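# Inside the fold
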Amino acid sequence: MNAKPHDPYTLRMPTGSPGVTWQLPEESDPATALPCVVLVDRAGLAEFAVLQRGLRTLGVPSVRVDAGSISGLRIITQLDDGSLTLNGRRIIPTVTWVRHFSPRAVQGGNGSAPSLFRADSWGAFIDQLSSLSAARLPGGRDLGRLVQLDGAAQAGVRTPRTIATTDVGAASAALASDRIIVKALDRHFVETEPGTLHGVFPEIVDGVVASSLPARDAPMIVQEYVDHWAELRVYFVDGEIRAFRVGKPSPEAIWCDAASVTVSPVAAPEAVVEAVHRLAGIWGLRYGAFDFLLTRQGPVFLEVNRDGDWRWFEAKAGVDDVSIATLSTVRTLHRQVAKAGSATIDLAGFLALGTDRIERAKVVTPRLDARVLGALEVRVDGTIVHVSARKARLLAAILLSRPNQVVPTDQLIDSLWGERPPPSARKNLQVYVSVLRRRFGDRISYQGWGYRLDAGPDELDLLEFRRLAGAGRDMRRRGDADAALTVLDDALRLWGGQPLAEFSGVALVDEAVGRFTDLYLTVNEDWAELAIERGSHIEVLNRLDDLVPFFPARERLVAARMTALAGCGRAPEALSQFETVRRHLVAELGMDPSPVLRNLYEEIFHGQLARADP
């Protein structure tokens with residue numbers, strides 16, 4: 001069936017047992033505030049049902065609240081200890097995760113002012129409770145599609161050409177694409193009453209036909225159709241990546257013809273992994289379902305869904321990887337907050353519409369100061385830590401290069417012992433982990449299939465580098481160029497030379513180093529373009545002269561150096577730089593420079609690029 005954006009489909013949310021579902025220790029006093037995970041979603045959805053069963057098995061207390069019956073809750077807040085009483089049971093929220101919640105889900109609405117007030121009040125309560133929790137998922141802000149596409153493009157991730165408009169025909173003609181996609185600007189569904197969804201799905205239209213489509217009475221997204229050889233759904237779970245290849249006959253098939261959709265687990269291409277990590281860092285996400293197209297020119301980002309369901313994809317693919325990753329993440333966050341004591345909520349601020357924020361609870365562990373953006377160096381409480389055994393140092397390098405994410409045991413064994421590990425490899429690995437725990441503090445945990453090292457941005461230079469890089473790009477996107485230039489420069493100063501050079505040749509290290517080297521080059525490109533806008537051509541050359549020879553295929557980097565050379569009155573050198581890159585691309589990749597670089601060459605050749613004042 002061919003779904004049209006203006007022809008809605010009516011769907012019903014799955015039904016389940018409404019109300020509140022508790023999973024608590026058998027012997028617990030209802031009057032004693034118990035650290036507890038809080039899950040809010042719809043009763044019929046499988047994701048939190050599976051997650052809560054897993055948490056019970058691991059001994060993690062949890063409560064699941066059905067959004068559809070939330071208006072029946074009895075709540076009391078305690079100002080002295082920040083506890084929350086739900087239906088007579090006192091808890092202290094450690095982790096709060098809200099999915100598919102909307103004031104429109106609240107039962108009993110009839111359009112009257114009291115019913116609308118009730119729905120909005122419960123919506124505000126859940127939103128502010130989540131924001132004020134010590135740990136919350138999915139994290140970040142709920143970004144609209146246009147903001148996502150703009151942010152991805154600013155981060156150097158390819159996106160489809162997009163126009164938001166009410167004049168669909170004119171926008172289609174402007175895009176001049178063989179095929180056009182017309183879809184909703186916001187969500188694909190409108191909940192007209194609790195549990196009843198009207199879907200407004202995308203439509204793929206021939207370009208000629210699309211140019212004659214009539215105007216709409218609501219803004220729509222009009223995009224070029226991107227030719228691709230695969231579509232990926234990629235789940236990001238607090239640093240973990242799980243990817244599925246999706247085959248479907250039409251955009252709406254997942255909702256309207258599920259039997260026609262194929263799903264298979266795949267390893268995400270490195271470019272996709274880097275893009276997901278980059279965007280999740282920029283947007284502050286701990287969880288997100290990313291959609292990508294794979295093309296011959298590389299991946300194309302479509303959107304990220306903070307509520308993205310995963311059980312349907314897992315069931316189709318016959319795996320449970322995402323469920324395991326979410327279970328691990330929630331358990332780890334709960335343990336961190338619970339170990340630090342009560343996750344106190346400033347309820348006075350809460351009642352004042354969330355104007356005061358709490359600080360994220362921290363595990364009481366020795367202070368870590370680790371560096372991987374250069375030679376490996378670790379300090380604990382200000383004292384340098386010497387790890388003499390090479391395998392223990394290598395293990396530290398691997399875990400620190402993948403902070404806050406699980407590294408599978410099998411991969412660690414392969415990295416430490418190669419193709420022929422000894423029979424005692426697993427026990428030996430445990431010994432090395434114990435050594436690092438004694439040196440680094442209790443921050444390395446076993447997650448059932450691998451090990452994870454927890455660190456904050458102020459404890460590891462890599463995390464601080466990612467934070468500054470994301471903040472600088474976000475400032476640039478908002479037009480605050482001066483602040484962006486300063487922050488990006490601060491990020492680049494963290495780079496200490498070739499990262500982890502002593503472990504070169506170890507696959508896990510090389511893969512990680514490749515990812516943050518790519519980010520390092522992107523930050524250099526962002527910084528250089530901003531510096532050139534301010535006429536700082538000499539400073540740009542001082543920084544890029546040593547980089548460009550090693551990365552001749554990075555055309556943004558090359559373009560920045562060519563522009564800086566021309567700005568310094570060294571146009572012949574800029575033209576020579578272009579020829580060097582052109583010969584490299586032809587010889588190594590069988591391709592010519594991009595139109596952007598060729599146009600820059602023409603501008604410099606014809607003297608059209610203005611020279612900076614001396």
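Now for a quick tour of the structure. As the structure is a computational prediction, the values presented were derived from the model and not from experiment. (Residues numbered from 1 in each chain as written. Predicted model: local features only at pLDDT ≥ 70, side-chain atom pairs only at ≥ 80, totals over all residues. Heavy atoms only, no water.)

### Side note on the pattern of salt bridges
This structure, assessed with the given rule, holds 42 salt bridges. Linking Arg493 and Asp489 is a salt bridge whose minimum nitrogen-to-oxygen distance equals 2.7 Å. Assessed through its relative accessible area of 61%, Arg493 is described here as exposed. (Salt bridge = Lys/Arg side-chain N within 4 Å of Asp/Glu carboxyl O. Buried < 20%, exposed > 50% of the residue type's maximum accessible area, 1.4 Å probe, protein only.)

### Details of the pairing of strand β7 (residues 89–98)
Burial analysis of β7 places 10 of its 10 residues in the buried class, the great majority of the element. Judged from the 6 bridges that link them, strand β3 (residues 34–41) and β7 form a sheet pairing that is parallel. Within β7, the residue paired with Leu39 across the bridge is Trp97. Bridging between strand β6 (residues 84–86) and β7 involves 3 bridges; their strand directions are antiparallel. Bridge pairing in β7 links Leu84 to Ile91. (Helix = DSSP H or I, 4+ residues; strand = E, 2+ residues; numbered from the N terminus. Pairing = 2+ DSSP bridges.)

### Some words on the sheet that holds strand β21 (residues 377–380)
Strand order in the open sheet made by the 3 strands is β20-β21-β22, with antiparallel pairing throughout. Of all strands in the sheet, those with a lone pairing partner are β20 (368–371) and β22 (383–384), marking the two edges. As paired elements, β21 and β22 share 2 bridges and run antiparallel to each other. Directly across from Arg379, in β22, lies its bridge partner Ile384.

### A closer look at the nonpolar core
Most often, soluble globular proteins keep nonpolar side chains buried together rather than apart. The biggest cluster of nonpolar side chains holds 85 residues, and the ones touching the most others in it are Val378, Leu429, Phe440 and Met562. Those residues in contact with Met562 that sit more than four places away from it in its chain are Ala574, Gln577, Phe578, Leu597, Leu600, Tyr601 and Ile604. Of all hydrophobic cores here, the second largest spans 28 residues; its members include Val37, Tyr235, Val263 and Leu333. (Core = buried A, V, L, I, M, F, W, Y, C linked by side-chain atoms within 4.5 Å. Contact = heavy atoms within 4.5 Å.)

### Considerations on the environment of Ala289
Mapped onto the elements of the fold, Ala289 is located in strand β18 (residues 287–295). Sequence separation between Ala289 and Arg233 is 56 residues; the distance between their C-alpha atoms is 6.7 Å. Sequence-distant contacts of Ala289, that is, excluding residues within four places in its chain, are made with Arg233, Val234, Tyr235, Glu303, Val304, Asn305 and Gly308.

### Remarks on the side chain of Arg278
Topologically, Arg278 is positioned in helix α7 (residues 270–283). What makes Arg278 buried here is its relative accessible area of 9%. Only 2.9 Å separates the side chain of Arg278 from the side chain of Asp518, close enough to count as a polar contact. Apart from the residues lying within four places of it in its own chain, the contact partners of Arg278 are Ala155, Gly156, Val157, Arg473, Asp518, Leu519 and Thr522. (Polar contact = N/O pair within 3.5 Å; in protein donor to acceptor, adjacent residues only side chain to side chain.)

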